[in-house]
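# Structural overview
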Amino acid sequence: MKKCIFCGTFSEGGRYLLSFGLLAAALLFLFFWNVNSGSVDLSPAEVFRLLFWKEGEETAYHILWDIRLPRILAAAVLGGALSVSGFLLQTFFANPIAGPYVLGISSGAKLVVSLILVFLLGRGIPVSWAMLILGAFSGSMISMGFVLLVSARVKSMSVLVVCGVMIGYICSAVTDFVITFADDANIVNLHNWSMGSFSGMSWESVKVLVLVVFVSLILVFLLAKPIGAYQLGETYARSMGVNIRRFRAELILLSSILSACVTAFAGPISFVGIAVPRLIKGLFGTSRPILIIPGCFLGGAVFCLLCDLIARTVFAPTEVSISSVTAIFGAPVVIAIMVRRKGRG
């Protein structure tokens, strides 16, 4: 029996079940809270009828099924994807402050997506979700390439993070420049997307992002055993038959796909990929991938649902950038990690 941070003694299995139960309960609670919250008030009874029987006023039906539900599902799935992406990067670099936003990977994806939208929309060419995802993936891989080049020459993680931040600043500056001087009014509105937002989601976009994210998650689950071996060191992983070069490539590709999907649909979202995996490891009291991967997905979903709720309701009808809210909650976690590591060093 082991002492637990909750309220007594639990076995490891009991702690894991309790942790999953807490995450599932928080996810369910935030789902219904988000459904009931917005600029238009819907009573719980009305929401219940619309959800389960699809009966009610036409306007209320449109608000719930065409606006709120797609947004809520997108926030949950993309939040989970971003958290898992952060966990993969932290495993690759063996450092808890590695994440797609901090390393500039999300900014690279944002830059390429913005260029695609400006170039095509400015010429009246329709843009598909597949094009946006591929563009975001290309930008993610370009930024990741720069990060890997730096990591090969510099052993200090702090220097690597600074280089990642600089890459992010450069990509963001170019993106802002392109958006600022765009002529078309619709392209200028990309500025809101570039700040990060779950608004404007449709069922079509939800179907695409769910497909991409869950296929990627299945592949991540298949890597759970090699990830566990890699966490114990390269030598141990090789002794367990892990092909290190192929394994690293798989980590990079899956992490980039997940973060690219988030950027393509919602823009860059900060600190989720760093803060949530750290919090989940503390909640579960373990780093075992078979537990942390689903835990990170649930934790990311809960975190983003909470932040999106705050972003769209606290200053309603004005909506705050989702990255502004995630930074408020996520940045202190990152600071705490760095202070703790500095104290140990």
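Residues numbered from 1 in each chain as written. Predicted model: local features only at pLDDT ≥ 70, side-chain atom pairs only at ≥ 80, totals over all residues. Heavy atoms only, no water.

## Remarks on the overall build of the protein
Of regular secondary structure, the protein possesses 15 helices and two strands. Rg of the C-alpha trace for the protein: 20 Å, near the compact-globule value of 20 Å for 345 residues, within the 12% margin. Its C-alpha atoms give the protein principal-axis dimensions of roughly 60 × 55 × 35 Å. A buried classification covers 50% of the 345 residues belonging to the protein. Sequence-distant contacts in the protein: of pairs separated by 6 or more residues, those separated by 24 or more amount to 75%. Element-wise, carbon and sulfur atoms account for 67% of the exposed surface of the protein, whose accessible area totals about 16,600 Å². Side chains of the protein give 25 positive and 15 negative charges; the mean places of these two sets differ by 22 Å. (Helix = DSSP H or I, 4+ residues; strand = E, 2+ residues; numbered from the N terminus. Rg over C-alpha atoms; globule rule 2.2 N^0.38 Å. Buried < 20%, exposed > 50% of the residue type's maximum accessible area, 1.4 Å probe, protein only. Contact = heavy atoms within 4.5 Å. Areas by Shrake-Rupley, 256 points an atom, 1.4 Å probe, with all protein chains shown as cover. Lys, Arg positive; Asp, Glu negative; His and termini not counted. Charge placed at Lys NZ, Arg CZ, Asp CG, Glu CD.)

## Side note on the pattern of salt bridges
On inspection of all chains with the given rule, the structure shows six salt bridges. Note that R71 and D308 form a salt bridge whose closest N and O atoms lie 2.8 Å from each other. Of this pair, R71 sits in helix 3 (residues 58-93) while D308 sits in helix 14 (residues 289-313), placing them 237 residues apart in sequence. With respect to class, R71 is no different from D308; both count as buried. R246 is paired through a salt bridge with E250; the nearest N and O atoms lie 3.8 Å apart. Taken together, the residues span about one helical turn, with R246 and E250 both in helix 12 (residues 244-266) at a distance of four residues. Owing to a relative accessible area of 54%, R246 belongs among the exposed residues under this scheme. Several salt bridges converge on common partners, so that one network encompasses R71, D308, R312 and E319. (Salt bridge = Lys/Arg side-chain N within 4 Å of Asp/Glu carboxyl O.)

## Describing the UniProt feature "transmembrane region" (unreviewed entry) in the protein
The feature "transmembrane region" (unreviewed entry), as annotated in UniProt, sits at residues 72-89, 101-121, 127-152, 159-182, 208-230, 251-277, 289-311 and 320-339 in this numbering. The distance separating the terminal C-alpha atoms of residues 72-89 is 26 Å; by composition the span is 100% helix and 0% strand. Counted over residues 127-152, helix gives 92% and strand 0%. Its end C-alpha atoms are 37 Å apart. (UniProt positions renumbered as here; feature names shortened; annotations may be inferred.)

## Things to note about the nonpolar core
Counting residues in each nonpolar core, the largest one holds 96 residues, and the members touching the most others are L78, L88 and F198. The contacts of L78, once residues within four sequence positions are left out, are F198, M201, L209, C261, V262, F265 and A266. Membership of the second largest hydrophobic core comes to nine residues, among which are F271, I274, A275 and I337. (Core = buried A, V, L, I, M, F, W, Y, C linked by side-chain atoms within 4.5 Å.)

## Quick notes on the packing of aromatic side chains
This model, assessed by the stated rule, comprises 11 aromatic pairs. On the numbers, 6.3 Å between centres and 35° between planes, the contact of Y101 with F271 is tilted. Of this pair, Y101 sits in the loop between helix 3 and helix 4 (105-121) while F271 sits in the loop between helix 12 and helix 13 (272-284), and the two are 170 residues apart along the sequence. The rings of Y16, F20 and F284 are connected pair by pair, giving a single aromatic cluster. (Phe/Tyr/Trp six-rings, centres within 6.5 Å; stacked < 30°, edge-to-face > 60°.)

## Details of the side chain of S205
Take S205: it is sitting in helix 9 (residues 203-222). There is a polar contact of 2.7 Å between the side chain of S205 and the backbone oxygen of S202. Excluding residues that lie within four positions of it along the chain, S205 makes contacts with W129 and F265. (Polar contact = N/O pair within 3.5 Å; in protein donor to acceptor, adjacent residues only side chain to side chain.)

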